[in-house]
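Understanding the architecture of this molecule
What follows is each chain in one-letter form.
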Amino acid sequence: MGQTILISEKQLAKQFLITERQVRSLFKNFKYAPGEYLYKECVKEYIKQIKSKHGDHNLEDQKLKKAKRETQEFNLKILKDEYYPDHIVRGALSDMLIKFKSQLLSASRKIIIEIEQKENPDIKKIVEKHVLKSLEELEKYNPPSNKGDK
């Protein structure tokens, strides 16, 4: 049969190198009498606390390593020209849309001229031809690069 070993609050604090207040907080479930605690249970609880703290620490280290790795991968993708900063994307889209708009506006003038020049124009084919030409120009659009070459 196991013996009940009691230890005082002050002795526990000294043994685990913690304050008496921490003893009261950590081992409140193992209090036998005022100022006295069940020694075996307190040791087990203290070991459990130490292990969980190291577990949390390892978890934080893993999270930090993961974040660093993801940052490095992201920076590598930027260097490989796979990602663009926000201001470059906005500038590229604005530039592309302005060019496309001007292409469509000029296409409308060309459509009108072509329709006026023919006696029996096939309006659908003429419009389709010019719209496709504008879309092909849009397809050829070359966005700016992260590498600085344009």
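Here's what I pulled together on the structure shown here. Treat the numbers as computed from the prediction; the structure is a model and nothing was measured.

What counts and what doesn't
- Per chain, residues are indexed from 1 in the order of the written sequence.
- For this predicted model, a pLDDT threshold of at least 70 governs which residues receive local features, and a threshold of 80 or more governs which side-chain atom pairs are given and counted, while totals over whole chains, interfaces and linings are taken from all residues.
- Where side-chain values are given, they derive from all heavy atoms of the structure, hydrogens and water being excluded.
- Helix numbering and strand numbering both begin at the N terminus, where a helix is a DSSP run of H or I of at least 4 residues and a strand a DSSP run of E of at least 2.
- Whether a residue is buried, partly exposed or exposed follows from its accessible area with a 1.4 Å probe, protein chains only, as a fraction of its type maximum: under 20%, in between, or over 50%, in that order.
- Contacts between residues were defined by any pair of non-hydrogen atoms, one from each residue, lying within 4.5 Å.
- Just to be clear on terms, a salt bridge is a Lys or Arg side-chain nitrogen sitting within 4 Å of an Asp or Glu carboxyl oxygen.
- Arc definition: it is the arc formed by the directions from the helix axis to the C-beta atoms.
- Working definition: rings of Phe, Tyr and Trp (its six-membered ring) pair if their centres are within 6.5 Å, and the pair is stacked with planes under 30 degrees apart, edge-to-face with planes over 60 apart, and tilted otherwise.
- Here the axes come from fitting lines to C-alpha atoms, over the contacting stretch only for helices, and the angles between their N-to-C directions go from 0 to 180 degrees.
- Should an angle lie under 35 degrees it is considered roughly parallel, over 145 roughly antiparallel, and from 65 to 115 roughly perpendicular; all remaining angles are considered oblique.
- When the near helix sits turned anticlockwise from the far one by under a right angle, the crossing is termed left-handed; a clockwise turn instead gives a right-handed crossing.
- Residue polarity is assigned by list, with Asp, Glu, Lys and Arg as charged and Ala, Val, Leu, Ile, Met, Phe, Trp, Tyr, Cys and Pro as nonpolar; anything else, Gly included, falls into the polar class.

With that out of the way, let us pick up the side chain of E45. The topology assignment puts E45 in helix α3 (residues 39-79). Overall, the relative accessible area of 13% leaves E45 in the buried class. Excluding anything up to four places from it in sequence, E45 contacts L26, F27 and F30.

Looking now at the pattern of salt bridges. By the definition in use, this model includes 6 salt bridges. For R24, the salt bridge goes to E9, with nearest N and O atoms at 2.7 Å. Within this pair, whereas R24 is found in helix α2 (residues 20-26), its partner E9 is found in helix α1 (residues 9-16), the two being separated by 15 residues in sequence. A relative accessible area of 11% places E9 in the buried class. In this structure, the salt-bridge partner of E114 is K129, at a minimum N-O distance of 3.0 Å. Taken together, the residues E114 in helix α4 (residues 86-117) and K129 in helix α5 (residues 123-139) connect sequence positions 15 residues apart. A residue is classified by how much of its surface remains accessible, and E114, at 14% relative accessible area, is buried. By relative accessible area, which is 44% here, K129 ends up partly exposed. Bridged by salt links that share partners, the residues E114, K118 and K129 form one connected network.

On to α1, then. Within the span of α1, buried status applies to E9, L12, A13 and F16. With its buried residues spanning 100° around the axis, α1 presents them on a single face. Opposite the buried face of α1, at more than 90 degrees from it, the exposed residues are K10 and K14. At the C-terminal side of α1, L17 shows a positive phi close to 55°.

Our next topic: the packing of aromatic side chains. Across all of its chains, the model carries 2 aromatic pairs by this definition. Taking 5.8 Å as the distance between ring centres and 45° as the angle between the ring planes, the aromatic pair formed by F16 and F27 counts as tilted. Residue F16 is found in helix α1, and its partner F27 is found in the loop between α2 and β2 (31-33); the two are separated by 11 residues along the sequence. Aromatic pair F16 and Y46: ring centres 4.0 Å apart, planes at 15°, arrangement stacked. Within this pair, whereas F16 is found in helix α1, its partner Y46 is found in helix α3, the two being separated by 30 residues in sequence. A single burial state applies to F16 and to Y46, both of which are buried.

To continue, consider unusual backbone geometry. Trans peptide bonds make up the majority, and among non-glycine residues the majority have a negative phi. Phi is positive for L17, which is not a glycine, with a value near 55°. Mapped onto the fold, L17 is located in the loop between α1 and α2. Relative accessible area serves as the criterion here: at 77%, L17 is assigned to the exposed category.

One can describe the packing of α4 onto α5 by two numbers: an axis separation of 9 Å at closest approach and a directional angle of 155°. By the angle class used here, α4 and α5 are roughly antiparallel. Here α4 runs over α5; the crossing is right-handed. Residues M96, F100, Q103, L104, A107, K110, I111, E114 and I115 of α4 form the contact with α5, whose own contacting residues are I123, I126, V127, K129, H130, K133, S134, L135, E137 and L138. Its residues assigned to classes, the contact of α4 with α5 shows 11 nonpolar, 3 polar and 5 charged.

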